[in-house]
Amino acid sequence: MTTVTWTIVVGVKQVPDADEVGIDPDTGRLDRASAPAVMNPPDRGALEAALSIKDVVDARVVAMTMGPPMATPVLEEAIAMGCDDAVLITDRAFAGSDTWPTSLTLARAAEQLGADIVLAGEETTDSSTGQVPPGIAAHNGWAQLTYVEAVEPRPEENRLVATRDVEGGHERVAADLPVVVAVAYGEFDPRPAPLHRKLYAENDFEPIEWTAEDLDIKDEVGLDVSPTSVGGMETVQPVERKGEVVETADDLAEQITEVYS
Amino acid sequence: MTDQTTGMGQTLLEERAGDAALESPNYDNEFDAIVVGAGLAGSAAALTLAKRGLEPLLVERGTYPGAKNVFGGVLYTPTIRELTDLDSAPLERYIAEKRFSMLSHDDETAISIKPGEWNREPHNDSFTVLRGDFDEWFAEQAVEAGATLVTETTVTGLIRENGGIVGIETDRPDGEIRAPYVVLAEGGNSLVSEGANLKATESRENIAVGVKEVLEFPENDEAIQDRFRLVGDAGVSYHYFGEGAVGEAYGGGFIYTNSDTVSVGVAYSLEDAATKHQTPEETLNLFKSHPAVAPLLRGARTVEYTAKTIPEGGAETMPDLVHDGAVLVGDTAGLVLNNGVHLEGTNMAVESGYHAADAIATAAERGLTSADALSSYADALENSFVVQNLERYGWLTDRVEEDRDLLFEQLPSAVADAGTEYFRMDRAPKEAHARAAKQRIFETLGGWTGAMKLAMRYRKLVR
Ligand SMILES: Cc1cc2nc3c(=O)[nH]c(=O)nc-3n(C[C@H](O)[C@H](O)[C@H](O)COP(=O)(O)OP(=O)(O)OC[C@H]3O[C@@H](n4cnc5c(N)ncnc54)[C@H](O)[C@@H]3O)c2cc1C
Ligand SMILES: Cc1cc2nc3c(=O)[nH]c(=O)nc-3n(C[C@H](O)[C@H](O)[C@H](O)COP(=O)(O)OP(=O)(O)OC[C@H]3O[C@@H](n4cnc5c(N)ncnc54)[C@H](O)[C@@H]3O)c2cc1C
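Since we're looking at a predicted model, the values are computed, not measured. Here the residue numbers are simple positions, counted from 1 along each chain's written sequence. Ligands are numbered from 1 and chains lettered from A, in the order in which they are written. Whole-chain, interface and lining totals are the exception, using all residues; otherwise, since this is a predicted model, local features are given only for residues with pLDDT of at least 70 and side-chain atom pairs are given and counted only at 80 or more. Heavy atoms throughout the structure, all of them, feed into the side-chain values; hydrogens and water do not.

Should DSSP find at least two bridges between two strands, the strands are regarded as paired. Every helix listed is a DSSP run of H or I at least four residues long, and every strand listed is a run of E at least two residues long, numbered separately from the N terminus. Spatial ordering of the open sheet is given by S7-S2-S1-S11-S18-S17 (chain B), a layout of six strands whose pairing is mixed. The open sheet terminates on both sides in strands that have one partner only, identified here as strand S7 (148-150) and strand S17 (322-323) of chain B. Relative to the sheet, helix H5 (residues 195-203) of chain A contacts strand S2 (56-59) and S7 of chain B, its axis offset from that of S7 of chain B by approximately 125°. Here, two residues are considered to be in contact whenever any of their heavy atoms come within 4.5 Å of each other. Between N-to-C directions, angles cover 0 to 180 degrees, with each direction set by a line fitted to C-alpha atoms, over the stretch in contact for helices.

Encoded structure:
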């Protein structure tokens, strides 16, 4: 049995393709059902960050997704890009889970896989709470680094150094492992999948499958334990703005002074 | 899988890590054949190979088959129908009327053909389709039969060994893959085949440029059925020639009705596009604004604009179809009939894909890959309607080219003027009108002798 230095677990989620999501003209609601499902775009950045660590450190990269079996293609995409393995966490019991049980589930899976680093996107394009990565860290009592733009592994110190985007500048932080890292969107350019890996991922790869029971969280997931409750939804109508054409610069100046005085 | 108990995750990863396929997958010579391009020719080849028990790999550069395919609209289905069940195919409308129309700069003279038979199954095997939908569906049929499809992968070259083709290079990392046979179905702009010297680069005279728009009629659900006089799934294909269709260029315009949109386009010689300074956009706009065309399209909005080349060299410029380890099919092999009366490539693409795959399957049974072993493809195509049609009309292109002024500019005006004369409403007797009409045509054709000569020159059209 060979052991690797680090195990890096990457959370990837399937979302409706934002380019194809239309707005139902009658109800004003997002019509998600008809849009094809794709990998949450920021998660590609998370995969790239993970693989870039593996480029320099002896590591194993494992993708995980919590979702229905229909979500398997995002794991295949992760394998195609270069992940060493992938886990599908799927169970009817998960239905109705909000960010609390979702992050609990992912936290348990990461623990189970022996994660040294968990990588995630900054947020999803469908629910966009950004709560899941910090939630994973909180459930496991691990360090967390959010809005990360660059990573620098320090295996000899068993630490990960990251550059974070903070208001007005950057911050370099070193965290002891295990750590949960949410990468800033657009900072990691995902590598193309090599041909033979892509063929393998799409045609022959089968992910590990875990249920709520496998993770020992059967009674801690689902709608009943989800604290979020939606109070109501409202469609905001665009406000009609007043417009006026003025002939000369003086007229314009006059109008501006009027508004300001 | 509930046999993994808590705490087993790491062990499980260790166990699975031993899998060589997972660590460094290698598909060299795992597939029986590689098909370059999931267009009509490519999917027909892949489907046929799969049905013969072989495992082809179908490589497509688009995000899905059809994503990048431009096409005016009428799909001819006699061969596809033999290969698969068309019932679930995304067809738009069947062609119930063909109309041929000569346009001068402001006249139209047209004939319309509407056989009752076209309203009945199999509808003369002519249907409008949107290639984005149809090609995706057709490739799916190949996959269901056992083909493997890989998308977002562009083939950049071929691997040669001892002179024969043994695989392809793609734009992906670790992008080479080998297989005993390669089917080149990359369409008219065949960079891979040309790069590998399997065919010569087409000269400008032998290429047409086609531009097409798909138009919708916002807030007017009845526009298509009313303007084109349609009932149910019936549709039309309108063909236009003459100055009003493509200006001074050699070619024509078309309108095809889809379910909720129309496809409008022009196709004309690339040589003209270059030397007559006619840009595709200008030419299409001119056609769309012709007084006989504009009312059909009033209030329409463009939802898609696409441009593409059409090979039209005919039988003479057809490249060698078979090579050691490779075959050329569809537009890559120049198999398009584009002569003004017919614009057909879809049926030829499918027919050629089918025959090529059939030859490969037969050669594979004997374990042979040489051009010689694949030559039954070339023979079968030679004996099929594909090459016979190309040969039959080969002369027409040249002939029309010689007479282009007469046919595309003088004659459309003369016919329109003759019509105007013949039906003129004034106080002169009808005999005078008929004489004036005849006179107008004769002037243009050069009298009885001219007319006879012209008839002789084109007699093969109806033979
Ligand atoms: C108000 C509200 C009500 C909801 N109600 C329901 C409901 O009733 N039923 C229901 O099924 N869902 C519901 N959801 C959706 C569900 O809570 C979220 O989709 C899920 O918890 C993830 O949250 P997120 O998409 O905001 O992730 P974010 O926190 O924005 O995601 C950040 C990153 O975390 C990782 N990640 C997130 N989710 C996953 C995952 N599933 N697998 C792997 N990695 C992941 C990814 O790397 C991602 O980039 C609801 C969401 C909201 C906001
Ligand atoms: C404007 C216009 C109107 C037309 N109208 C008609 C008509 O009404 N009726 C008719 O029968 N015919 C018509 N044709 C002709 C018809 O479209 C073609 O003959 C037919 O599409 C040829 O099929 P094919 O499979 O050979 O090529 P294509 O349909 O061009 O398919 C080639 C496929 O290969 C892929 N590809 C190309 N290069 C690569 C690469 N390097 N790597 C991977 N994939 C690659 C492409 O993305 C594409 O999917 C028209 C053509 C044009 C341009």
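Once the structure has been displayed, the description carries forward.
This brings us to the interface of chain B and chain A. Taken together, the contact between chain B and chain A spans 36 residues of the former and 32 residues of the latter. When the two sides are added together, the surface that chain B and chain A hide from each other amounts to roughly 2,800 Å², 56% of it contributed by carbon and sulfur. It is Leu 13, Glu 14 and Tyr 27 of chain B that lose the most area in chain B upon contact with chain A, and together they represent 23% of the buried surface on that side. Criterion for a salt bridge: a side-chain nitrogen of Lys or Arg within 4 Å of a carboxyl oxygen of Asp or Glu. Its salt-bridge partner being Glu 14 of chain B, residue Arg 60 of chain A comes within 3.0 Å of it at the nearest N-O pair. Elements that contribute at least two residues to the side of chain B that touches chain A include exactly helix H1 (9-17), helix H2 (20-23), S7 and strand S10 (176-178) of chain B. Considering every element that reaches the side of chain B that touches chain A, the biggest residue donor is H1 of chain B, with seven residues. Polar here means any residue other than Ala, Val, Leu, Ile, Met, Phe, Trp, Tyr, Cys and Pro, which are nonpolar, and Asp, Glu, Lys and Arg, which are charged; Gly is therefore polar. The class makeup of the residues in the side of chain B that touches chain A is 15 nonpolar, 13 polar and eight charged. Values labelled buried area give the accessible surface lost by two parts on being combined, using a 1.4 Å probe and summing over both.

Turning our eyes to something else, we now look at the site of ligand 2. Residue and element names in this part refer to chain B. Each residue is tested against the molecule or strand, and it is near if at least one of its non-hydrogen atoms lies within 4 Å. Surrounding ligand 2, one finds 33 residues, the nearest of these being Glu 60, Arg 131, Lys 308, Asp 331 and Thr 346. Any N or O atom pair separated by 3.5 Å or less is treated as a polar contact, with the protein-specific requirement of one donor-capable and one acceptor-capable atom, and with residues adjacent in sequence counted only for side-chain atom pairs. At 2.6 Å, a side-chain N or O of Lys 308 approaches an oxygen atom of ligand 2. For ligand 2, an oxygen atom lies 2.7 Å from a polar atom in the side chain of Asp 331. Areas reported here follow the Shrake-Rupley algorithm with a probe of radius 1.4 Å; residue values treat only the protein chains shown as occluding. A total of 1,000 Å² of accessible area belongs to ligand 2 in isolation, and the protein chains cover 98% of it.

Accessible area lost upon the coming together of the parts serves often as the stated size of an interface. When the domains of chain B are assigned, the result is domain 1 (2-70 + 131-201 + 315-383), domain 2 (204-311) and domain 3 (398-462). Its C-alpha centre places domain 1 of chain B at a distance of 50 Å from the equivalent point of domain 3 of chain B. Domain delimitation follows an automatic or database domain assignment.

Residues and elements named next belong to chain B. For the pair helix H12 (residues 346-365) and helix H14 (residues 385-402), interaxial distance at closest approach is 9 Å and the crossing angle is 135°. With respect to their mutual orientation, H12 and H14 come out oblique. Every residue of H14 that contacts H12 at Asn 347, Met 348 and Glu 351 is listed here: Phe 385, Val 386, Asn 389 and Leu 390. Classifying every residue of the contact of H12 with H14 by side-chain character gives four nonpolar, two polar and one charged. Here the angle decides the label: under 35 degrees means roughly parallel, over 145 means roughly antiparallel, 65 to 115 means roughly perpendicular, and every other value means oblique.

As a further point, take the packing of aromatic side chains. Residue and element names in this part refer to chain B. Two aromatic rings from Phe, Tyr or Trp, using only the six-membered ring of Trp, form a pair when their centres are within 6.5 Å; if the ring planes differ by under 30 degrees the pair is stacked, by over 60 it is edge-to-face, and anything between is tilted. As enumerated under the stated definition, the model contains 12 aromatic pairs over all chains in all. Arranged with centres 6.4 Å apart and planes meeting at 15°, the rings of Trp 137 and Phe 138 form a pair that is stacked. In terms of burial, Trp 137 and Phe 138 fall into one category: buried. Ring centres 5.2 Å apart and planes at 65° place the aromatic pair Tyr 240 and Phe 287 in the edge-to-face group. With Tyr 240 in strand S13 (residues 234-241) and Phe 287 in helix H10 (residues 280-288), the pair connects residues that are 47 residues apart, well separated along the chain. Of the two residues, Tyr 240 and Phe 287, neither departs from the other in class, the shared state being buried. The rings of Phe 228, Tyr 238, Tyr 240 and Phe 287 are connected pair by pair, giving a single aromatic cluster. Between Arg 99 and the ring centre of Tyr 238, over which it is positioned, the NZ or CZ distance is 5.0 Å. Here's how the labels work: a residue is buried when its accessible area is under 20% of the maximum for its type, exposed when over 50%, partly exposed in between, all with a 1.4 Å probe on protein chains only. Both a distance and an angle decide whether a charge sits over a ring: NZ of Lys or CZ of Arg must be within 6 Å of the ring centre and within 35 degrees of the ring normal.

Within this scheme, the nonpolar core is defined by two criteria: the residues are buried Ala, Val, Leu, Ile, Met, Phe, Trp, Tyr or Cys, and they are joined through side-chain atoms within 4.5 Å. Ranked by internal contacts, the top residues of the largest apolar core, which has 133 residues, are Ile 117 and Leu 119 of chain A together with Phe 134 of chain B. Examining the composition of this core, we find that nine residues originate from one element, H12 of chain B, more than from any other. Shared between two domains, this core takes at least three residues from each, and those domains are domain 1 (2-70 + 131-201 + 315-383) and domain 3 (398-462) of chain B. Once residues lying within four places of it in the same chain are set aside, the contact partners of Ile 117 of chain A are Trp 6, Thr 7, Ile 8, Val 9, Ile 53, Leu 160, Leu 177, Val 179 and Val 181 of chain A. By size, the runner-up hydrophobic cluster in this structure holds 31 residues, among which are Leu 215, Val 236, Val 264 and Tyr 268 of chain B.

A few words on the confidence of the model for chain B. Residues and elements named next belong to chain B. The predictor's confidence in any single residue is recorded as pLDDT, a number from 0 to 100. Summing up the model confidence of chain B, the mean pLDDT is 90 and the portion of residues at 70 or higher is 97%. Long-range and interchain partners of residues 1-6, a stretch whose pLDDT sits below 50, account for 14 contacts in this model, where long-range means more than four residues apart. Scored as a whole, the predicted complex attains pTM 0.88, and scored at its interfaces, ipTM 0.85.

Before going further, it helps to spend a moment on the pattern of salt bridges. Two side chains of opposite charge can pair, provided their charged atoms sit close to one another. Inspection of every chain in the model, using the stated rule, returns 26 salt bridges over all chains. Of the charged contacts, one joins Glu 152 of chain A and Arg 172 of chain A as a salt bridge, the two residues approaching to 2.6 Å between their closest N and O atoms. Placement of Glu 152 of chain A in strand S9 (residues 143-154) and of Arg 172 of chain A in strand S11 (residues 169-176) is noted, with a sequence separation of 20 residues between them. Relative accessible area serves as the criterion here: at 31%, Glu 152 of chain A is assigned to the partly exposed category. For Arg 435 of chain B, the salt bridge identified is with Glu 431 of chain B, shortest N-O distance 3.8 Å. Note that Arg 435 of chain B and Glu 431 of chain B are positioned in helix H16 (residues 430-445) at a spacing of four residues, about one turn of the helix. Side by side, Arg 435 of chain B and Glu 431 of chain B carry an identical accessibility label, which is exposed. Connected through salt bridges with shared partners, the residues Glu 152, Arg 154, Glu 157, Arg 159 and Arg 172 of chain A form a single ionic network.

To continue, consider the site of ligand 1. All names here are of chain A. The immediate surroundings of ligand 1 are formed by 28 residues, with Gly 11, Lys 13, Asp 43, Thr 124 and Thr 129 found nearest. Within the side chain of Asn 40, one N or O atom sits 3.1 Å away from an oxygen atom of ligand 1. Here Thr 129 contributes a side-chain N or O atom positioned 2.6 Å from an oxygen atom of ligand 1. Those elements giving two or more residues to the shell around ligand 1 turn out to be strand S6 (59-66), helix H3 (99-112), strand S8 (117-121) and helix H4 (132-140).

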